[in-house]
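Residue strings, one per chain:
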2 protein chains.
Amino acid sequence: MSRAKSEVLDAAAEVFMTLGAEAASIDDVARHLGATKGRIYHHFPSKGVLLAEVCLRAADFAHRAVHPVLDPDLPPDVQLRQMVCAHIPAVLGSLPYHKVILQSFVGMSQKSTTALERSLLADIRQERKAYETLFRDVISRGMACGAFRSQNISVALHSVLLMVNAPVFWYQPRAEDSTDFMTDLSEQLADMAVAALQ
Amino acid sequence: MSRAKSEVLDAAAEVFMTLGAEAASIDDVARHLGATKGRIYHHFPSKGVLLAEVCLRAADFAHRAVHPVLDPDLPPDVQLRQMVCAHIPAVLGSLPYHKVILQSFVGMSQKSTTALERSLLADIRQERKAYETLFRDVISRGMACGAFRSQNISVALHSVLLMVNAPVFWYQPRAEDSTDFMTDLSEQLADMAVAALQ
DNA sequence: TTGACAGCATACTCAGTAGTATGTTTGCAT
DNA sequence: ATGCAAACATACTACTGAGTATGCTGTCAA
C-alpha cells in the first residue's frame, strides 16, 4: 500500500475514533489531513469502503501480533497468557483503529449497497472469526485437559475476549508510561483472563 | 412519565440499536412507531435529548435492579455474585437501551449544543459513575479483607464491568430460553467475575 | 518537448435530515 | 354545547454531507 493511502487511513481512524464513524464526515477527515475530499476519494471509492478498510487493518494488526506466539505444544494457560500479552500492546499501539472496529460491533449500520463494501465486510467477519478461533481453540484445549473448568465455551470465549479488549474503552495514551505500564497491564489482564477460566 | 412518551423512548432505543444512534434519523424512529416526526418532537425537544434520555433510562434500569441486593454485611465475593446475577437479567431484559448507551461510550460525538443536552449528559455520567462505584466498593472491600488478590483496582473494575456487559454485544433474544438460559448465563458470568479477582 | 498519468484541489449536485410553523383531532372540564 | 389544551399530523425551510465532474500540477518515460 502506498504511503499516501496509508496516511489517509490513519487520519480516518483518528477522526472516526473521536467523532464516531457515522457522525464524522469525509470533510472532517480531509481537514484533519490538511487536504480536501479529492485526496480521499482518489484513494477510496466511498466512505463505507474507507471505514471497512480501517476495520480490516485493525483486525490485521491484532492477528499479526498474536500469530507469532502461537505454539500448540504449550500448556493452554501458558499459551493464553502469551496471547494476551501479545494482544494488549498491539491494540494499544494502534488504538484508533481498534476503537473504530469496536464501534462497528455495537452499531451495525449495514447500509452497505455496493458489492465492494459487502465483500470487505465479509473479509472483516472472516478475520474476526479466525482471530476468535485462536482463542476458542486454546480455551477448548484447556477444558479438555482439565486446566480450565468446563463451562459454556462461547460465553467464556466472548467474556475473555471482551475483557482483554477492555483497555480500548478506557485507555488514553500518556507520554512516558508506554512500555512499563503496558507490560504491567498486559500481565494483570493475562492473570485475570486465566483466573477467570480456571 | 406518560405512556405515549415511554413508547417513543422504546422505539428510539430499538431503532438507535439497529441503525446506530447517529445514522438513524428521527423519521426512522417515527416510521417504526407508525407515526410522524410531530409525535416525537412533541415529547422531546431535539434528537440529542431523545438519545440522552434513552441512555439515562438504560443506566437507571441497571441501577434499580442491582440496588436491592446491596448488603454491606455480605462477604465481598458473595456480594459481587449477587450484583452480577441481578445485573444480567436487567440488562438482557432491556437490551436495546443498553446497546445504545454502549455506543455512546465508544463514539463520543459530544456535539451537544443546548444546555439541556449538556445537563442530561452530566446526569448520565453521574449515574454511570455511581454504578461503577457500587462495583468498585465491593472489589475494594474484597481486596482489603483478602478475599480478592490485590492489583490495580481501576483495571480490575473496568475488566469485570465489561465482562458482565459482554452479553450486550452478542446476545440475541430467543423465544423460549429466556429464564433458564439467563440464570445459567448469570451464574457463569458471576463465577468468571469472582474467579478473575480471586 | 511532450503527452500521459498519478495525485490531488475546486466547485458543483442532490438526496436526506434536523428542526419549525401551522393545521387538525381528541379528550375533558365547566 | 363549548372552550381549550394535549397530542399528534402535514408541509414546509435551511442546511449538511456524500458523491461527482472537472481542472490543475508535478513527474517520468519515450
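A brief structural summary. (Residues numbered from 1 in each chain as written. Chains lettered and ligands numbered in written order. Predicted model: local features only at pLDDT ≥ 70, side-chain atom pairs only at ≥ 80, totals over all residues. Heavy atoms only, no water.)

Some details on the relation of the copies chain A and chain B
Which entries qualify depends on this criterion: The superposition of copies rests on a least-squares fit of C-alpha positions from residues with pLDDT of 70 or more in both. Whether two residues are in contact is decided by their heavy atoms: any pair within 4.5 Å suffices.
In screw terms, the move from chain A to chain B is a rotation of 180 degrees and a rise of 0.1 Å along the axis, fitting with an RMSD of 0.1 Å. Classification of the inter-copy transformation places it as that of a two-fold axis. Taking the C-alpha atom as reference, chain A places Ala-196 of chain A closest to the rotation axis, 2.1 Å from it. By residue overlap, the copies meet face to face through one surface: 94% of the interface positions of chain A are interface positions in chain B.

Details of the protein's contact with DNA strand D
Keep this limit in mind: For each residue, the test is whether any non-hydrogen atom lies within 4 Å of the molecule or strand; if one does, the residue is near. Side-chain atoms alone can form a polar contact between residues adjacent in sequence; in general such a contact is a pair of N or O atoms within 3.5 Å, and within protein one must be able to donate a hydrogen while the other accepts it. Numbered from the N terminus, helices here are DSSP runs of H or I no shorter than four residues, and strands are runs of E no shorter than two. In the scheme used here, Gly and all other residues not listed as nonpolar or charged are polar, with Ala, Val, Leu, Ile, Met, Phe, Trp, Tyr, Cys and Pro taken as nonpolar and Asp, Glu, Lys and Arg as charged.
In the vicinity of DNA strand D there are 14 residues, among which Ile-26, Lys-37 and Tyr-41 of chain A together with Thr-36 and Arg-39 of chain B approach most closely. Within 4 Å of the protein, the contacting atoms of DNA strand D are 62% sugar and phosphate, with bases supplying the remainder. Contact distances for DNA strand D include 3.0 Å between a phosphate oxygen and a backbone N or O atom of Ile-26 of chain A. Separating a phosphate oxygen of DNA strand D from a side-chain N or O atom of Tyr-41 of chain A is a distance of 3.0 Å. Of all the secondary structure elements, the ones that give two or more residues to the surface near DNA strand D are helix H3 (37-43) of chain A together with helix H3 (37-43) of chain B. For the surface near DNA strand D, the element with the highest residue contribution is H3 of chain B, accounting for four residues. Residues of the surface near DNA strand D, tallied by class, amount to five nonpolar, six polar and three charged.

Looking at the state of the cysteines
Linking two cysteines covalently through their sulfur atoms gives a disulfide. Inclusion rule: To count as a disulfide, a pair of cysteine sulfur atoms needs to be within 2.5 Å.
In the structure shown here, the tally under the stated rule is zero disulfides over all chains. Free cysteine Cys-145 of chain B: the closest other cysteine sulfur is in Cys-85 of chain B, separated by 19 Å.

Some remarks on the protein's contact with DNA strand C
As a matter of local geometry, DNA strand C sits amid 14 residues, with Thr-36 and Arg-39 of chain A together with Ile-26, Lys-37 and Tyr-41 of chain B nearest to it. The sugar-phosphate portion of DNA strand C accounts for 61% of its atoms within 4 Å of the protein, the bases making up the rest. Ile-26 of chain B is positioned with one of its backbone polar atoms (N or O) 3.0 Å from a phosphate oxygen of DNA strand C. When contributions to the surface near DNA strand C are tallied by element, the ones reaching two or more residues are H3 of chain A together with H3 of chain B.

Topic: helix H7 (residues 115-144) of chain A
Residues and elements named next belong to chain A. The line we're drawing: Each helix should span, by expectation, one fewer than its residue count multiplied by 1.5 Å. Each residue's exposure class comes from its accessible area (1.4 Å probe, protein chains only) as a fraction of the maximum for that residue type: buried when under 20%, exposed when over 50%, partly exposed otherwise.
Over its 30 residues, H7 extends 42 Å from the first C-alpha to the last, a length consistent with the 44 Å expected when each residue adds 1.5 Å. For H7, every residue scored as buried is listed here: Glu-117, Leu-120, Ile-124, Tyr-131, Glu-132, Leu-134, Phe-135, Val-138, Ile-139, Gly-142 and Met-143. Packed against the buried residues of H7 are helix H4 (47-66), helix H5 (76-93), helix H8 (153-164) and helix H10 (178-197). Just past H7, the residue Gly-146 takes up positive phi, approximately 85 degrees.

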